[in-house]
Amino acid sequence: MPPSPSPSPPRPARRTPENARKKAYKEQTDVTNGRRRREAQLLQLRKSRREDTLSKRRRDDASSPSTEPESDIGPASPESDRPSSSDPPPLACATDADSNKLLGIINGLKSENISLQLEATIKIRKILSVDGNSLAEEVITADVVARLVELLSSKKNLRGPQLQVEAAWALTNITAGTSEHTEVVTNAGAVPKLVKLLESPRSNVREQAMWALGNIAAESQRCRELVIDHGGLGQLLSQFNEHAKVSNLRMATWTLSNLCFGKLPSKSQTKAVLQILQQLLNSIDEKILSDTCWAVSYLCNHGTDEIQMVIESQICCRLVKLLMHSSPKVVTPVILALANVSAAADCQVQFLIDSGILQCLLKLLTRNYQKCIRNQACMTVSNICAGTAAQIQAIIDAKMVPLLIQLSQHGESDIKKEAIWAIANATSGGSPDQIRSLVGDGCIIALCNALVLSDADLLYACLNGLESILKVGEMEKMKDEAGTNPYAVIMEECGGLDKLENLQGFNNDAIFEKTIKLLESYWVEEGSEYEAPKDPSPDDT
Amino acid sequence: MEVPQETLDQLSTWFLQSLSLDASLRRAAESSLLSAATSPGFPLALLKLSSLPSVDLQIRLASALHFKNLLKSRWAPTSDNPLPDSDKTLIKSLLLPLLLQSPPLIQSQLSEALAIASSHDFPSSWPSLLPDIISSLGTSLSSGDYTSVNSLLSAANSLFLKFRHSFDTQALRLDLKYCLDLFAKPLLETFLNTSNLTTPAADPSVLKPLLECQRLCSEIFHSLNSIELPEFFEDHMREWMEKFRFYLTSTFAPQVETDGTADALRASICENLQLYMEKNEEEFKDYLEGFATAVWGLLMNAAKSPSRDQLAVTAIKFLTTVSTSVHHALFGSPEVLGQICNSVVFPNLRLRDDDEELFENNYVEYIRRDSEGSDTDTLRRTACELLKGLAVNYREQVMGLVSAQVQSMLAAFNANPAQNWKEKDAAIYLVVALSPKPGATTGYLVDVESFFTSVILPELQGQDPNAVPILKAGALKFFTVFREQIPKPAALSLLPGVIRFLGSESNVVHSYAATCIEKLLLVKDKGPMPGPTARYGAADVDPYVPQMLTGLFNALEMPDSQENPYVMKCIMRVLGVANISVEVATGCISKLASVLAMVCENPKHPLFNHYLFEAIAAVIRRAGERDATVILIFEKTLFPELEKILVKDISEFWSYAFQIFTLLIDLHAPPLSDGYMALFQVILDPSSWKRSGSVPALVRLLQAYLRKMPNELNREGRLGQVLGIFSQLISTPSTEELGFFVLNTVVENLSYEIISPYISNIWGALFSRLQNRRVYKFISPLLIFMSLFLIKYGAGVLVDSINSIQQGLFLMILQQFWISFSTKISGSVEQKLITVATTRLICESPLLLDPAASENWGKLVDSIVQLLTNSDQAGADFEDDADVPETIEYTGSFARLHNAGKKEDDPLKEIHDPKQFFVSSLSRISSQFPGRFGPVIQQFVSPANQTALLQLCGAYNSAIV
């Protein structure tokens, strides 16, 4: 079934880890070292998509903790009701009557009477629960917030837990606001108290505290570190136990995924998180599953160490299966994660192949999935194509090549490029037999058509691919006495030679030299047996 | 910057003198400048001089030029004699303000200087540059000084160009981020403010600098957007795009429209649209339809001015990209398709006046564009590419439109051939451009066969070779392009027509006629024979040869065609194919000799000269092989010219002359005349070997002498001279491989008795060189030489002669080099040599058959098996490229003559299959020592190679017992 649109990926997955695509860059002497890289490590110049950052969530008046954070929002959902910081809600000016009302509330909050406290706290969180309330801005003062934070520790009597929930709720909604609002909350020392609340025997208290921490964690790396430094991660992980309610698990998973957005301080923490995620991946609850997959994909963004740990936690096989999940909310984070894993070492890539990833990718690429999923799928294919000859063979056996050719000609421009990367990688690293097969599917034309693009890295990869093809063509030529290089002929016929000649004007030394090398090695004199002089003046030495 | 007045005066004088007509004065000034170049502060003095308003402009310009060149050669820290940092710092602080004050001529030199310095230092070592540009830009904008604005933008533009073509790295992105943070906003402000000032009808003198400013902004836009879409540009996309559209759709004052100012801006905008289509299709899609309409509208109104051409090319390229993108449906309706074809594509196919001019005045350039693919940026070609792009998705519709267009062009021609010949030319161009190249599967967009009969044939059969030459050229090109498809009898019947065109006064037409014949002779058929065979043999062309040669040699007499490479190439080809009589051959040689005499005066056209020598070689080879007596006639005609090359030291032709001599010697019946013996002395002179370009030819010549009269070497100490040449050649890396060629030739042709007195010198030279040069590039030819030596003289002679230098030396060489490097040898002949030599070593040498040597024995077996496995996978292993010796350096300057060449000799012709030789030798020796080698193999051959060895034994039905 064609999935409906779902959130875009939070950020582009890396293109390659240290050693992937090595086939494309085999001759490292003439290219810069920086080209073996992961895309995620490159400085981003592009605008951050709104979805690139984590969303925060306000709890509105009607929802209760046990029903709320199940709004089907993934951590990166654009449907989030979070007011974006760049687009603050319009605030009407507070009237005098409002000011008087506020004064009463604040007095109640400051009283020592728990009933008054509770009443005032409820009023405050009601003000904060309504988007664009004119009083919200006035409530969020250092004084009020400090008092709300104090009330988190309220234990005086039976109504203590209710007060804790209300106070945490109010803080949740404040942290759902701007960065400045969140800073007021963290400066008031809310984090250790919220973490403490995770030990509460009451599930609704724990849930509301997690919600607030989730919002705080969504704010920034510094905030995430703050939560973790106060032991929030450990407390959060202990929420995952057999007694937990589904709503609690959903909230815990969401908060955990937010914490995973940044690099975790230690390997042991990553390991512990992965242990939980591994179990959660078997959840039948779509929301839990989606947030779990996001958490995994975030981890994979952090670097080769994390990818290695993800692989060692043996969840890749499950991830591959989840590619065929019916919801794009699951498929999107999964393909992002796998795209990253596919950039790992050859043996890890082999594991993905053995798990049957190629058939899944084929389906993702041929069905009507949204573009970002197809794009990531195509990048995964291109990373696999940068692998060993056996892996390239797997691509060929999966009948992937005709599809890649078709995408390279008719796909959206991003997908076109990924498909060309795949073809360039496969032809650069393929064995002679594989190259013959790739040529039979039309790879020469696809690579030649790409020679008009302006992306220097991709051009270089295409030239490498064509070079491998032409070398095999020389072997064909030798088999056939007085023959010509059949692949050079195809290149001429599809206009590729013209395009190659034009590349001599491309202002990049490595590309220029490679172009000249190809022209001089294979087109000395239009395929005839005569050698033309390149520079007949002998140098006097 | 304080520069003493005397220095400035002195410099002024020198520069003035450097412009003098008196060569000696000029040279003296130049050398003074050269020796002053290293004095401290010299570059600053140049800069100062070039910026002084009181100084004569000529001198300032010369100084600025000198300054720029100095920076070019000495700014880079890695250059020889780099500029001191103190000078650089001063230059960096002064350059921009001085540039802004300078008049345009000086400014353009200083801009280039700035670009050179900034390419190394910007941004990290020149942090003030961009802020300075920005602050001056603000000042100049607010005062409306667009001369300065444009100078500043053009300086900024040169800083950012690197973002267009460099590999995407973190360092590059950091630089780009720096530039974006500082410059994106001022750029947009400049662009918007300037666009508010741009009133289309304004006075041209006001408008021109404004449009130029916008062009520079647009160029910078391109550079800054090349890596990915930066945040700032995405946030402000609408502002940019609206203004871009404004410039595409507005018409400005006539003067800026005709002088190209407006079109240059529009062309730059179109390139940006193209960039966004490629990189930001999604973000750009809302603007696409508007721009497609705008661009298309622009093309519909295309004025036929040359300034429009560049614009039209980029505009059509943009439409081509759209036509092949996912948004191709924008052009999908029959109306739009028809309009694009009729108003954008077809009108641009017609020949332009400047094409006609080129046809008459510069045939070389015309041919390059018309038929050698260097027309990618011409309108004709670009328009055809758009047609092909449209045909990707709308093939049937496009075919219909094209064939209707061809019909209507032909109808117009037929109605009035004299007036409308360009219509026919356009039709021919269209059909040729859309033809799939031979072998392609996409099929034709038009019916070629009927087109050929009805349109091309009448032209080729026309009797007047000078009538409407452009149409004749088109018809000849058509014939050439479709030569494979035209059946042999039809083609042969057309030959007299083509030969007639050799006599056309038009250089293009007789060049095309020559090319047509030349290519026709290369056509091959895939027959029942193994491999393709030439379609046209001697029997087919012989009847036409006299007319052809007459026509071709006559064409060489025509103005501007004395060194016409197309004609000479055709002569070469005809002589290589035809069987010519002795009379024709001697006639050709004397004509070619006189051409040679002419080019010897001033060799300037390498390609023509190459074909000339090929032609000479072809006549000698083909006529000489049939009748050796003609060689004497050839010698008589050619010797004076060839000697002149040596005596007058025409270095370009040395290697050709040696190759012709080689050919003559090969075909000569012994004994050789005195002339040759004198030449022999020349080639034994070490100074002849100093030119690396001619060394390969000398090696061949030496080989020819050795084959013809091997014993001559043994006389008068000549062998010693040869070996002296050898040791000189191996002493430098660039010629060492040639040294081995000489040595190999000696060993291949002489018996051991002759060389034995020299052998210890030879090994001594080789091994002492080896001590300093343990690299593959030296070891590989050394192993090949040793193998050849073994095969020629036997294993015992090899081992003993090496050990006579130093006891145990052979085993050392074996262990350190032979075993480990022999598996890396490339080349099939070379691999065969090593395999056979190693096999004989382990089967014949008592040293290796000694049980004490079993480890070496086993390892040698291992390396042979490895080598044989490697050679099976030849080509599979691309990784080792770096280890394979680069193409030997002389190929850059040595042009091998095909017609004078011999096939590379295989010294082991008697052994067809080295694998079989290896397996059966091994099997034979093991049967002499049953049970002895099995364990050795198990111990010292790798498991993989043991398996491979077993398979080999199985394949040849042999066994190791």
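About the thresholds
- Residues numbered from 1 in each chain as written.
- Chains lettered and ligands numbered in written order.
- Predicted model: local features only at pLDDT ≥ 70, side-chain atom pairs only at ≥ 80, totals over all residues.
- Heavy atoms only, no water.
- Salt bridge = Lys/Arg side-chain N within 4 Å of Asp/Glu carboxyl O.
- Helix = DSSP H or I, 4+ residues; strand = E, 2+ residues; numbered from the N terminus.
- Buried < 20%, exposed > 50% of the residue type's maximum accessible area, 1.4 Å probe, protein only.
- Expected span 1.5 Å × (residues − 1).
- Polar contact = N/O pair within 3.5 Å; in protein donor to acceptor, adjacent residues only side chain to side chain.
- Core = buried A, V, L, I, M, F, W, Y, C linked by side-chain atoms within 4.5 Å.
- Contact = heavy atoms within 4.5 Å.

Engineer: Talk me through the pattern of salt bridges; I want residue IDs and the actual numbers.
Structural biologist: For the structure on display, the rule yields 55 salt bridges over all chains. Here Lys477(B) makes a salt bridge to Asp370(B), at a shortest N to O gap of 3.0 Å. With Lys477(B) in helix α25 (residues 469–481) and Asp370(B) in helix α20 (residues 363–371), the pair connects residues that are 107 residues apart, well separated along the chain. The pair Lys477(B) / Asp370(B) is uniform in exposure class, with both members buried. Bridged by salt links that share partners, the residues Arg46(A), Asp168(B), Arg173(B), Glu228(B) and Glu283(B) form one connected network.

Engineer: I'd like to hear about helix α47 (residues 914–928) of chain B, residue by residue, with values.
Structural biologist: Residues and elements named next belong to chain B. Helix length check: α47 (15 residues) gives 21 Å between terminal C-alpha atoms against 21 Å at 1.5 Å per residue, within 8%. Burial in α47 covers these residues: Pro-914, Phe-918, Val-919, Ser-921, Leu-922, Ser-923, Ile-925 and Ser-926. In this structure Asp-913 caps α47, since a side-chain oxygen of it lies 3.0 Å from the backbone nitrogen of Lys-915.

Engineer: Quick rundown of the nonpolar core? Include the residues and the values.
Structural biologist: If you look at the biggest cluster of nonpolar residues, it comprises 342 residues, and the most contacted ones within it are Ile620(B) and Leu766(B). Once you skip the residues sitting within four places of it in the chain, Leu766(B) turns out to touch Phe726(B), Ile730(B), Phe740(B), Leu743(B), Phe778(B), Leu782(B) and Phe785(B). Listed in part, the 167 residues of the second largest apolar core include Val185(A), Leu274(A), Trp421(A) and Leu466(A).

Engineer: Any details on unusual backbone geometry? Residues and values, ideally.
Structural biologist: Cis rather than trans, the peptide bond between Phe122(B) and Pro123(B) has omega equal to -5 degrees. At Gln314(A), a position not held by glycine, the phi torsion is positive, near 60 degrees. Secondary-structure assignment places Gln314(A) in the loop between α14 (304–312) and α15 (316–322). Look at Gln314(A) and you get exposed, because its relative accessible area is 63%. Even without being glycine, Asp560(B) reaches a positive phi, approximately 70 degrees.

None of this, on its own, says anything about what the molecule does.
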